[in-house]
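Structure assessment
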Amino acid sequence: MVSGRPPSFLTNSLLQSNGSFKINLKSPKLFIYWTISVFATSPPWSKCMTALCQILHLFAELNIPIAPRKTFPACTCLEFMGILLDSNKMEACLLVDKLTCLQAALSQWANRKSATLQELQSLIGTLQFACKVIAPGRPFLQRIIHLTKGIKLPHWHIRLNSGFFKDIALYQHFLQNWNGVSLFLDTQATSPPELQLYTDASGSLGYRCFLAGEWFQGHWLPHHTLSQKRGISIEWQELFPIYLACILWGPHWSGKRIHMWCDNTSVVASINSKHYKSPQVMDLIRAITLQTLQYNFTFTATHIPGLDNSITDSLSHLQMDCFSTLAPSASPTASTIPSSAMNI
């Protein structure tokens, strides 16, 4: 890894053209002072140093200054734009002072009933910076940002709603039990069968989940049955086994992108966007996201027609003989669901 502070459009063109980049400065009409950071990576140390030398040589020819104290040779641990990157441990973490400031900033919002536009914009900026490391937390800025829509004057006060405090609590709860480190995730969803998750739910019978031979199923508790008054919808029920799967198997998914299959299209959309109009469904999405933050994994969801979701469908109808035929290598006993997970 190497770091410097030349203009990004020039270095991007240089690196993409393998050193054959040219620029015409015969008639410059405007001079701009650039403060954009540039970050280059390449596995061999020699290639990193070559890229750095090319950048420095180019800007020396163009007579463009570079800050020496912010230009570093190839190394495996580097502070870059307030984040510490470690290519040996494959970790990215907020610096201790940044993490402390973030925790202090969030604690100040516990008893607030309103805030000015300027205060909310400052909070949004702070959380957006944290989301460089806490990538799954980014969708939970949406409702905070939504509060600022239509407000033009920075001193105007905005009333804070329950959704705002729930999203703030999500960040607080995680940061209190987090050391600021996030492993680099795989670039694509993990393809082996052992990380392909299949779930299904029935409004009257219960729920079930299957993952490479491991499985669980259960009947609905009274407070989990369909109820418009309690806000328990079929979408909530479809998400519930996904939540349980994250609790059971999340510790084994560190650094992975899990591929989930579900036969409910609206649930697939809510998983991928981490947003849903129902407050109760959002509470469950929040709980799922907290698991992804705690164990550092993420997931994508794909719709699977009910007829093709045969393994979990056989579990949902308690057809154990059919299940054994479809999944002969499956464990003979179901995974045990922690009783604490049922209190949501």
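Described below are features of the structure shown in this document. Every chain is numbered independently, its residues counted from 1 as its sequence is written. Only residues with pLDDT of at least 70 are given local features in this predicted model, and only at 80 or more are side-chain atom pairs given and counted; all residues enter the totals for whole chains, interfaces and linings. To obtain the side-chain values, all non-hydrogen atoms of the structure were included, while hydrogens and water were left out.

1. With respect to the packing of helix α4 (residues 117-130) against helix α6 (residues 162-176)
Selection rule: Note on method: axes are straight lines fitted to C-alpha atoms, helices fitted across the in-contact stretch only, with angles between N-to-C directions ranging 0 to 180 degrees. Only DSSP runs of H or I reaching four residues or more are called helices, and only runs of E reaching two or more are called strands; each is numbered from the N terminus. Two helices crossing with the near one rotated counterclockwise from the far one by less than a right angle form a left-handed crossing, whereas a clockwise rotation gives a right-handed crossing. In this description, contact between two residues means that some pair of their heavy atoms is separated by no more than 4.5 Å.
Two numbers describe how α4 lies on α6: the axes approach to 13 Å, and their chain directions differ by 35°. Crossing geometry of α4 relative to α6 is assigned as left-handed. When α4 is examined against α6, the residues L120, L123 and L127 are found in contact with a partner set consisting of F164, I168 and Y171.

2. What to know about the pairing of strand β11 (residues 214-219)
Quick reminder of the rule: Criterion used throughout: strands pair if DSSP finds at least two bridges between them.
Sheet analysis places strand β10 (residues 206-211) next to β11, joined by six bridges and oriented antiparallel. The partner of R208 across the bridge, within β11, is Q217. Counting the residues in the hairpin turn of β10 and β11 gives two residues, including A212, whose phi is positive at 50°.

3. Regarding the pairing of β10
When a strand is regular, its side chains alternate between the sheet's two faces. Threshold: The buried label goes to any residue with under 20% of its type's maximum accessible area, the exposed label to any with over 50%, and the partly exposed label to all in between, with areas taken from a 1.4 Å probe on protein chains only.
For β10, the buried fraction is high: six of the six residues fall into the buried class. The alternating pattern of β10 places G206, R208 and F210 and Y207, C209 and L211 on opposite faces, both of which are buried. The pairing of strand β9 (residues 196-201) with β10 spans four bridges and is antiparallel. By the bridge assignment for β10, A201 is matched with Y207. Counted along the chain from β9 to the antiparallel partner β10, the turn is four residues long.

4. Details of the nonpolar core
Short version of the rule: Residues belong to a common nonpolar core when they are buried Ala, Val, Leu, Ile, Met, Phe, Trp, Tyr or Cys residues joined through side-chain atoms within 4.5 Å.
Counting 71 residues, the largest nonpolar core has L120, L127, F164, L239, F240, W249 and W253 as the members making the most contacts within it. Top element by residues in this core is helix α7 (residues 234-249). It accounts for 10 residues. Membership of the second largest hydrophobic core comes to five residues, among which are F210, W215, F323 and A330.

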